[in-house]
Amino acid sequence: MAGVYSELPRCWPGNGWIREAARLAEHCLQHHTHGDLPCWRAALRSLPATPGPVVLDQPIPTLGSEAEDRASLRAALVALHPWRKGPFCLAGVTIDSEWRSDLKWARLSAHLDLAGCRVLDVGSGNGYYGLRMLGAGAQLVVGVDPTVLFVMQWLACRHFSGELANFVLPLGLEELPPGPAGFDAVFSMGVLYHRRDHLQHLRQLRALLRPGGTLVLETLVLPPDRDDDLLVPRERYARMRNVWAVPGTTRLGRWLERAGFRNVRLIDVTRTTIAEQRTTPWMRFESLAQALDPNDSARTVEGHPAPVRAILLARA
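Nothing here was measured: the structure is a model prediction, and the numbers come from that model. Per chain, residues are indexed from 1 in the order of the written sequence. Per-residue local features are limited, in this predicted model, to residues with pLDDT of at least 70; the limit for side-chain atom pairs, both in listing and counting, is 80 or more; totals at the level of whole chains, interfaces and linings are taken over all residues. Excluded from the side-chain calculation are hydrogens and water; included are all heavy atoms of the structure.

Peer 1: Would you mind going over the environment of Glu 276 with me for this structure?
Peer 2: For helices the rule is a DSSP run of H or I covering at least 4 residues; for strands it is a run of E covering at least 2, with both sets numbered from the N terminus onward. Mapping Glu 276 onto the fold places it in the loop between β12 (262–271) and α9 (288–291). Whether a residue is buried, partly exposed or exposed follows from its accessible area with a 1.4 Å probe, protein chains only, as a fraction of its type maximum: under 20%, in between, or over 50%, in that order. Judged by relative accessible area, Glu 276 falls into the buried class, the value being 4%. Along the chain, Glu 276 and Trp 255 lie 21 residues apart, while their C-alpha atoms are 28 Å from each other. Whether two residues are in contact is decided by their heavy atoms: any pair within 4.5 Å suffices. When residues no more than four places from it in sequence are discounted, the contact partners of Glu 276 are Glu 98, Trp 99, Arg 100, Leu 103, Lys 104 and Arg 107. What qualifies as a polar contact is a pair of N or O atoms within 3.5 Å, subject to a donor-acceptor requirement within protein and to the restriction that residues adjacent in sequence count only when both atoms come from side chains. Side-chain polar atoms of Glu 276 contact the side chain of Arg 107, separated by 2.8 Å.

This is the structure we're talking about:
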């Protein structure tokens, strides 16, 4: 697995930030000590060679020709469980992930023009959205996610896709080189509510954009009738321990302005349902259904408003 990120600096020649980020990612991946890494690496080594078509501009990205032994391929991919983001079709095996990420992408993509853009995706998971961004015309997508399993899933996809300009680095936002980086667009989807200091997170994102670049922010919010309120869960929210604050959309817009963004636009507010986030054979743990009040799906098991997610665009 040495040299996984050697191609990244060549995708943006002369950018010192990219060169340093690739170096940090390579070092982290080579020296990672997760106990399951030997198993995950063995699964990657067992993947068959099936070069073939790559189709990215559809809800289920299709990577590679159909494998002869799909049962063995499926077993290797299941070894990388849980698959949170997707779906994918890898060499004829369809991965039905926990999240129907294609639904979120459909709500977002009509509002963006990514043609020729260099994009940073913070909290990228396994790179599903990066594939969709390339399918929408992006020139380069750099995903960052500290969960090394998601990097292994990205490598499985890359095995079948070839050297697409879509990368997932095993780094958190705080481990990245300081800005400026010069990205045309920065995505932060499903991250803000996990941050103790929301303004610091937003300012870090702004520092990674070029002047005039676009922030795409997707996060938990309160229902529309509480647009100026703020929920600070005492312990858990929807069974998650690390949810620090859930704002209304008006308050969230003010946070963005305080962080130095302008032209803030709210483009979507959608309640999350069990049709979009659920348990599947590819993610066998409990999911949204177990986080909702069994007698009132508008509330979480803790009594908070059930998850609603908003998407906002803003300029640096």
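Text resumes after the structure shown.
Peer 1: Can you help me understand the pattern of salt bridges in this one?
Peer 2: Proximity of charged atoms lets side chains of opposite charge pair with each other. Here a salt bridge means any side-chain nitrogen of Lys or Arg lying within 4 Å of a carboxyl oxygen belonging to Asp or Glu. Scanning the entire structure with this criterion turns up 15 salt bridges. Between Lys 104 and Glu 218 there is a salt bridge; the shortest N-O distance is 3.2 Å. Here Glu 218 lies in strand β9 (residues 209–221) and Lys 104 lies in helix α4 (residues 101–109), a separation of 114 residues in the sequence. Judged by its relative accessible area of 1%, Glu 218 is buried. Residue Arg 309 pairs with Glu 218 through a salt bridge whose shortest N-O separation is 3.4 Å. Within this pair, whereas Arg 309 is found in strand β15 (residues 308–315), its partner Glu 218 is found in strand β9, the two being separated by 91 residues in sequence. An identical accessibility class is assigned to Arg 309 and Glu 218; each is buried. Overlapping salt bridges bring together Lys 104, Glu 218 and Arg 309 as one network.

Peer 1: Would you explain unusual backbone geometry in this entry?
Peer 2: Excluding glycine, a negative phi dihedral is what most residues carry, and trans is how most peptide bonds are arranged. Residue Pro 82 is bonded to the preceding His 81 through a cis peptide linkage, with omega at 0 degrees. The residue Pro 82 is located in the loop between α3 (70–78) and β3 (88–90) in this model. One non-glycine residue, Ala 238, adopts positive backbone phi at about 50 degrees. With respect to the helices and strands, the residue Ala 238 is situated in the loop between β10 (230–231) and β11 (246–247). Take Ala 238: its relative accessible area is 10%, and that puts it in the buried class. Look at Arg 239: it is not a glycine, yet its phi comes out positive at around 70 degrees. When you line up the elements, Arg 239 lands in the loop between β10 and β11. Classification of Arg 239 by relative accessible area gives partly exposed; the value is 38%.

Peer 1: Help me understand the packing of helix α2 (residues 37–45) against helix α6 (residues 148–161) in this model?
Peer 2: Two numbers describe a pair of packed helices, the interaxial angle and the distance between the axes. For the pair α2 and α6, interaxial distance at closest approach is 10 Å and the crossing angle is 10 degrees. The angle between the axes of α2 and α6 places the two elements in the roughly parallel class. Along the contact surface, α2 presents Leu 37, Trp 40 and Leu 44, while α6 presents Val 148, Leu 149, Met 152, Leu 155 and Ala 156. By the convention adopted, Pro, Cys, Tyr, Trp, Phe, Met, Ile, Leu, Val and Ala count as nonpolar, Lys, Arg, Asp and Glu as charged, and the other residues, Gly among them, as polar. In terms of residue class, the contact of α2 with α6 is made up of eight nonpolar, no polar and no charged. Comment: axis = line fitted to C-alpha atoms, over the contacting stretch for helices; angle = value between 0 and 180 degrees taken between N-to-C directions. Oblique is the label for every angle not falling under 35 degrees (roughly parallel), over 145 degrees (roughly antiparallel), or within 65 to 115 degrees (roughly perpendicular).

Peer 1: Would you take a moment to explain the pairing of β15 for this structure?
Peer 2: Consecutive residues of a regular strand have side chains that alternate between opposite faces of the sheet. Where burial is concerned, most of β15 is hidden: seven out of the eight residues are buried. Two strands pair if DSSP finds at least two bridges between them. Bridging between β12 and β15 involves seven bridges; their strand directions are antiparallel. The residue bridging Thr 270 from the neighbouring strand is Arg 309, located in β15.

Peer 1: Would you mind showing me how to read the packing of aromatic side chains here?
Peer 2: Within a pair of aromatic rings, the relevant descriptors are the distance that separates the centres and the angle that separates the planes. Each Phe, Tyr or Trp ring (for Trp, its six-membered ring) is paired with any other whose centre lies within 6.5 Å, and the angle between the two planes then decides the class: stacked below 30 degrees, edge-to-face above 60, tilted in between. Within this structure, the stated rule accounts for nine aromatic pairs. Consider the rings of Trp 83 and Trp 282, whose centres lie 6.4 Å apart with planes at 85 degrees: the pair is edge-to-face. One end of the pair, Trp 83, is in the loop between α3 and β3; the other, Trp 282, is in the loop between β12 and α9, with 199 residues separating them in the sequence. Each member of the pair, Trp 83 as well as Trp 282, carries the same accessibility label: buried. When the ring of Tyr 128 is compared with that of Tyr 129, the centres are 5.5 Å apart and the planes differ by 80 degrees; the resulting orientation is edge-to-face. Each member of the pair, Tyr 128 as well as Tyr 129, is classed as buried.

Peer 1: Help me out: how do you make sense of the sheet that holds strand β2 (residues 62–63) in this one?
Peer 2: Hydrogen bonds between backbone groups are what pair the strands of a sheet, and the pairing can be parallel or antiparallel. Taken in spatial order, the four strands of this open sheet run β1-β2-β3-β4, and their pairing is mixed. Pairing within the sheet leaves two strands with one partner each, and these edge strands are β1 (54–55) and β4 (93–95). Sheet contacts for α3: β3 and β4; angle to β4, the most-contacted strand, approximately 25 degrees.

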